[in-house]
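Coordinates in review
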Amino acid sequence: MDATTLLTLQTMTVSEFRCDAGPGDTPFAECRTGYSIAYVRSGSFGCHCRAGFFELVAGSLLVGAPGDEYTCTHDHVCGDVCLSFFLSEDLVDALGGRRETWQVGATPPLPELMVLGELAQTAADGNSDLGLDEVGQIFASRFVDVASGEPRKKVAPTARDRRRAVEAALWIDDNSHDEIDLEQAARLADLSPFHFLRLFSSVLGVTPHQYLVRSRLRHAARLLTDDDIAVTDIAYDVGFGDLSNFVRTFHRAAGMSPTKFRRAARGERKILQERFTLD
């Protein structure tokens, strides 16, 4: 089995697992050391665990709790690909719900979880303004709600909550050229990452990572009006890790490449007409 670690934080680790085992391979037992959710992206496998035996297909979840033993089999097809989230004890506490929820073993393909699993993969591929850490927490929270059958109650933010969210947004904007993750911003707000994500999104209508990306785009758009700064320099100056990610994200937001945007800013009417209806 090939494992690729995509994200490592105190509250969460995200990995992709690619298994090529088939019907002729001997299964072996493994033991969970923490809480986890594995989203099956493709393929199929069986799983023997304390909760019973499950056949998992694309869209299913394999759920683990500390101390759980399980054995995976491939009696029908060869191989599978899973996007797996390993959660800290503190995050599981923050998610709430009964601990028995984490002992269900597996879930069938459920639409409300499948769409978030694919959203997480999109974030992992760098094709979303959402952060993988954010989607991971949203995914885990939704799993708890669905598996427990107890929808989470919405709580109206207080004046103090709103101030925390606004101050966090100002800090993110001021430091958007640096690497910022959910845990770092949450510490500054003196909240757990899960509660900070819920609060920020509730007050401002976007997640912290969405605001970070959009701040970078706003700064980039401003710099693109200056012909003396190379597009590559702008990409790195505003905080994008590589040029291709910047170009892809900017095009998704503006409907044109950074270079075309620069030309449009200089007043090239043809480009403006292609993007906007001008009389």
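To be clear, the structure that these remarks concern was listed above.
Residues numbered from 1 in each chain as written. Predicted model: local features only at pLDDT ≥ 70, side-chain atom pairs only at ≥ 80, totals over all residues. Heavy atoms only, no water.

1. What about the side chain of Thr11?
Definition in use: Strands are runs of DSSP state E lasting at least two residues, helices are runs of H or I lasting at least four, and both sets are numbered from the N terminus onward. Under the scheme applied here, a residue whose accessible area is under 20% of the maximum for its type counts as buried, over 50% as exposed, and between as partly exposed, the area being computed with a 1.4 Å probe on protein chains only. Any two residues whose heavy atoms approach within 4.5 Å at even a single point are treated as in contact.
Take Thr11: it is sitting in the loop between strand S1 (2-8) and strand S2 (12-19). For Thr11, a relative accessible area of 12% gives the class buried. Not counting residues up to four positions away in its chain, the partners in contact with Thr11 are Phe86, Leu87, Ser88, Leu91, Gln137, Glu183 and Pro193.

2. Considering the pattern of salt bridges
What counts, and what does not: What counts as a salt bridge is simple: a side-chain nitrogen of Lys or Arg found within 4 Å of a carboxyl oxygen of Asp or Glu.
Throughout the structure, instances matching the rule amount to eight salt bridges. For the salt bridge of Asp129 with Arg214, the shortest nitrogen-to-oxygen distance reads 4.0 Å. Taken together, the positions of Asp129 in the loop between helix H2 (111-124) and helix H3 (132-148) and Arg214 in helix H7 (residues 208-223) put the pair 85 residues apart, joining distant regions of the chain. For Arg218, the salt bridge identified is with Asp173, shortest N-O distance 2.3 Å.

3. A short note on empty space enclosed by the protein
Just so we agree on the cut-off: Residues are said to line a cavity or pocket when one of their atoms sits within 4 Å of a point; the points come from a 1 Å grid over protein atoms alone, cavities being sets where a 1.4 Å probe fits but cannot get out and pockets being open sets with protein on both sides within 12 Å along at least five of seven lines. Grid points are joined across faces, edges and corners, and a volume is the space filled by probe spheres set on the points.
Per the stated rule, a full pass over the model turns up two cavities of 30 Å³ or more. Taken as a whole, the largest cavity spans an internal volume of roughly 100 Å³. In terms of lining, the largest cavity is formed by 13 residues, of which the most central are Cys49, Val63, Gly64, Asp68 and Gly105. For the lining of the largest cavity, the secondary-structure elements that each account for two or more residues are strand S4 (35-49), strand S6 (61-64) and strand S7 (69-73).

4. Regarding the environment of Leu91
Tracing the backbone shows Leu91 in helix H1 (residues 89-95). As for Leu91 and Leu132, which are separated by 41 residues in sequence, their C-alpha atoms are 15 Å apart. Among residues more than four places away in sequence, those in contact with Leu91 are Thr11, Met12, Gln137 and Phe194.

5. A closer look at the nonpolar core
To keep things clear, this is the line we draw: For the purposes of this section, nonpolar cores are sets of buried Ala, Val, Leu, Ile, Met, Phe, Trp, Tyr and Cys residues that join through side-chain atoms within 4.5 Å.
Formed by 30 residues in total, the largest nonpolar core has its most connected members in Leu61, Phe85, Leu87, Leu95, Trp102, Phe139 and Phe143. The contacts of Leu95, once residues within four sequence positions are left out, are Leu87, Trp102, Gln137, Ala140, Ser141, Val144, Arg152 and Phe194.

6. Here's the deal with the pairing of S7
Put simply, the rule reads: At least two bridges found by DSSP between two strands are what make those strands a pair.
By the bridge criterion, three bridges tie strand S3 (residues 29-31) to S7 in an arrangement that is antiparallel. Paired with Glu30 across the bridge in S7 is Tyr70.

7. Structural notes on the packing of H7 against helix H9 (residues 243-254)
This is how the line gets drawn: Whenever a helix is involved, its axis is fitted only over the stretch in contact; in every case the axis is a line through C-alpha atoms, and angles between N-to-C directions fall within 0 to 180 degrees. Here is the rule for angles: anything less than 35 degrees is roughly parallel, anything more than 145 is roughly antiparallel, 65 through 115 is roughly perpendicular, and the remaining ranges are oblique. Under the convention adopted here, Pro, Cys and the residues Ala, Val, Leu, Ile, Met, Phe, Trp and Tyr are nonpolar, Asp, Glu, Lys and Arg are charged, and Gly plus all remaining residues are polar.
Closest axis-to-axis distance for the H7/H9 pair is 11 Å, and the angle between their directions is 90°. By the criterion of interaxial angle, the relationship of H7 to H9 is roughly perpendicular. Contact residues: Val213, Leu217, Ala220 and Ala221 in H7; Phe246, Thr249, Phe250 and Ala253 in H9. Tallied by class, the residues present in the contact of H7 with H9 amount to seven nonpolar, one polar and no charged.

8. A look at H2
To keep it simple, the criterion reads: Here a helix's expected span is defined as the number of its residues, less one, multiplied by 1.5 Å. Note that the arc is computed from the directions linking the helix axis to the C-beta atoms.
If you check H2, its first and last C-alpha atoms are 20 Å apart, about what 14 residues at 1.5 Å a residue would give, namely 20 Å. Buried within H2 we find Leu113, Leu116, Gly117, Ala120, Gln121 and Ala123. Viewed end-on, H2 has its buried residues packed into an arc of 160°, placing them on one side of the element. Turned more than 90 degrees off the buried face of H2, the exposed positions are Pro111 and Val115.

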